[in-house]
Amino acid sequence: ANKLQSDFESIASHELKTPLASIGAYAEALYGHADVPEVPERREFLGVIRHENDRLLRMVNRILDFSQVEFGNRNLNRRTMKLQDVLDDTLHALAPQSMARHQRFEIDFPVEVPPVEIDPDLVKQVLVNLVGNAIKYGPDGGRIMIEGRERATSVEVSVRDEGPGIPESEVENIFRQFYRVKHEGDDLPEGSGLGLTIVRNIIEMHGGRIEVDGGEGTGATFR
Ligand code: ADP
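Note that the structure is predicted; figures quoted are calculated from it, not measured. (Residues numbered from 1 in each chain as written. Predicted model: local features only at pLDDT ≥ 70, side-chain atom pairs only at ≥ 80, totals over all residues. Heavy atoms only, no water.)

## Remarks on the overall build of the protein
What counts here: Helix numbers and strand numbers start at the N terminus; a helix is a DSSP run of H or I with at least 4 residues, a strand a run of E with at least 2. Relative accessibility decides the category of a residue: with a 1.4 Å probe and only protein chains considered, values under 20% of the type maximum give buried, values over 50% give exposed, and everything between is partly exposed. Every residue pair with non-hydrogen atoms within 4.5 Å of one another is taken to be in contact. Surface exposure here means Shrake-Rupley accessible area, sampled with a 1.4 Å probe, where a residue is shielded only by the protein chains that are shown. The convention is simple: Lys and Arg are positive, Asp and Glu are negative, and His and the chain ends are not counted. For the purpose of locating charges, the reference atoms are NZ of Lys, CZ of Arg, CG of Asp and CD of Glu.
Looking only at helices and strands, the protein has five helices and seven strands in total. Beginning at the N terminus, the succession of helices and strands in the protein can be written as α-α-β-α-β-β-α-β-β-α-β-β. With the principal axes as the frame, the protein shows a C-alpha extent of 70 × 45 × 35 Å. Residues classed as buried in the protein amount to 38% of the 223 residues present. In the protein, once contacts between residues fewer than 6 apart in sequence are set aside, the share between residues at least 24 apart is 74%. Split by element, the accessible area of the protein, about 13200 Å² in all, is 50% carbon and sulfur. If you average the places of the 26 positive and of the 38 negative side-chain charges in the protein, the two averages end up 2 Å apart.

Below, the structure is given as structure tokens:
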């Protein structure tokens, strides 16, 4: 556990240093010209600082979520809940992001699917991360399909998008901390590579498991 924690901390501090260095450099440049109001790049530099600051904040929050789950400072606070209610909450929270990309949700979650004993805050985090990825990696105007099913001894939820999917050779890697699949050419959407690590940990804490159908070229399914 100690080794894991120190590996984690060294990667985390590396991830944090990059935006901090960029904030520092731009702040320094502005500071150097603090008395010259007509520096044309002023607005641009402030924009970078603000953007990098926001990114850093999101990253720090992500890392704190992660270490809470990973290093066991968080006990499950189980309640008997309908997953549909947690899903509604999640979709509400993510509506601005999906609307900005003109994506639509297709939900098939029958009311008969029975309630389950879950920690609602943590399970919401699972859904936020999975649906958030479907939004992020799915195309503009695409569909995001979410299904709930009762199985023999469990409830199964799947989230499917119409994005590029995940190459078979990468499916094992995506759950590793800070791991992100490299895409040829186009820019990678913002991320930390921690989302799925958190997802898997939370599901396993509940005694569940996660499966992925990479769906390269047609869209990923997380189940
Ligand atoms: P992040 O999205 O912050 O990079 P995650 O841990 O959530 O981190 O995901 C790890 C990687 O798995 C992503 O960088 C991306 O390459 C890949 N991935 C996750 N979800 C999807 C998806 N729905 N479609 C395509 N690739 C995905």
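## Some points on the sheet that holds strand E2 (residues 104-108)
This is how it is decided: Paired strands, in this sense, are two strands between which DSSP finds at least two bridges. Fitting a line to C-alpha atoms yields each axis, with helices limited to the stretch in contact; the angle taken between N-to-C directions then spans 0 to 180 degrees.
Pairing within the open sheet is mixed, and its five strands lie in the order E2-E4-E5-E7-E6. This sheet does not close on itself; its edge strands, each paired only once, are E2 and strand E6 (212-213). Here E2 pairs with strand E4 (residues 143-150) via five bridges, running parallel. Looking at E4, one finds that Arg104 is bridged to Arg143. Along the sheet, helix H3 (residues 83-100) makes contact with E2, E4 and strand E5 (155-160), crossing E2 at roughly 170°. Packing of helix H4 (residues 120-137) onto the sheet brings it into contact with E2, E4, E5 and strand E7 (221-222), and relative to E5 it is tilted by some 25°.

## What to know about the site of the ligand
This is how the line gets drawn: Put simply, a residue is near a molecule or strand once any heavy atom of it comes within 4 Å of that molecule or strand. Between N or O atoms, a polar contact is any pair within 3.5 Å; within protein, one atom must be a potential hydrogen donor and the other a potential acceptor, and residues adjacent in sequence are included only when both atoms are from side chains. When residue character is reported, Ala, Val, Leu, Ile, Met, Phe, Trp, Tyr, Cys and Pro are called nonpolar, Asp, Glu, Lys and Arg charged, and the others, Gly included, polar.
If you check the shell around the ligand, you find 18 residues, and the closest are Tyr137, Asp161, Arg180, Ser192 and Leu196. Residue Lys136 places a side-chain N or O atom 2.9 Å away from an oxygen atom belonging to the ligand. For the ligand, whose accessible area on its own is 540 Å², the fraction buried by protein is 99%. Those elements that provide at least two residues to the shell around the ligand are H4 and helix H5 (195-205). Counting residues per element, the shell around the ligand draws most heavily on H4, at three residues. A class-by-class count of the residues in the shell around the ligand yields nine nonpolar, six polar and three charged.

## Quick notes on the environment of Gln68
Summarising the element assignment, Gln68 is placed in helix H2 (residues 42-70). You can call Gln68 partly exposed: its relative accessible area is 39%. Placed 130 residues apart in sequence, Gln68 and Ile198 show a C-alpha to C-alpha distance of 9.6 Å.

## Quick word on the packing of aromatic side chains
Inclusion rule: Here the aromatic set is Phe, Tyr and Trp, taking the six-membered ring for Trp, and pairing holds for ring centres within 6.5 Å; pairs whose planes are under 30 degrees apart are stacked, those over 60 apart are edge-to-face, and all others are tilted.
Counting across every chain of the model gives one aromatic pair. Taking the centre distance of 5.0 Å and the plane angle of 70° together, the rings of Tyr26 and Phe45 count as edge-to-face. One end of the pair, Tyr26, is in helix H1 (residues 2-32); the other, Phe45, is in helix H2, with 19 residues separating them in the sequence. Take Tyr26: its relative accessible area is 27%, and that puts it in the partly exposed class.

## A few points about H4
For clarity, the cut-off: For a helix, the expected span equals 1.5 Å multiplied by the residue count minus one.
Its 18 residues give H4 an end-to-end C-alpha distance of 25 Å, which sits within 8% of 26 Å, the value for a rise of 1.5 Å per residue. Of all 18 residues making up H4, 13 are buried, and the element is well covered by its neighbours.

## Some points on the side chain of Thr197
Checked against the element boundaries, Thr197 lands in helix H5. When near neighbours in sequence (up to four residues on either side) are disregarded, Thr197 contacts Phe66, Phe175, Arg176 and Gln177.

## A few points about the packing of H2 against H5
Rule in force here: Comment on the angle field: the value is read as roughly parallel under 35 degrees, roughly antiparallel over 145, roughly perpendicular from 65 to 115, and oblique elsewhere. Crossing handedness is read from the near helix: turned anticlockwise from the far helix by less than a right angle, it gives a left-handed crossing, and turned clockwise, a right-handed one.
Interaxial distance between H2 and H5 falls to 10 Å at its minimum, and their mutual angle equals 30°. The angle between H2 and H5 falls in the class roughly parallel. Of the two possible hands of crossing, H2 and H5 adopt the one that is left-handed. Between H2 and H5, the residues in contact are Arg62, Asp65, Phe66, Val69 and Glu70 and Gly195, Thr197, Ile198, Asn201, Ile202 and Met205, respectively.

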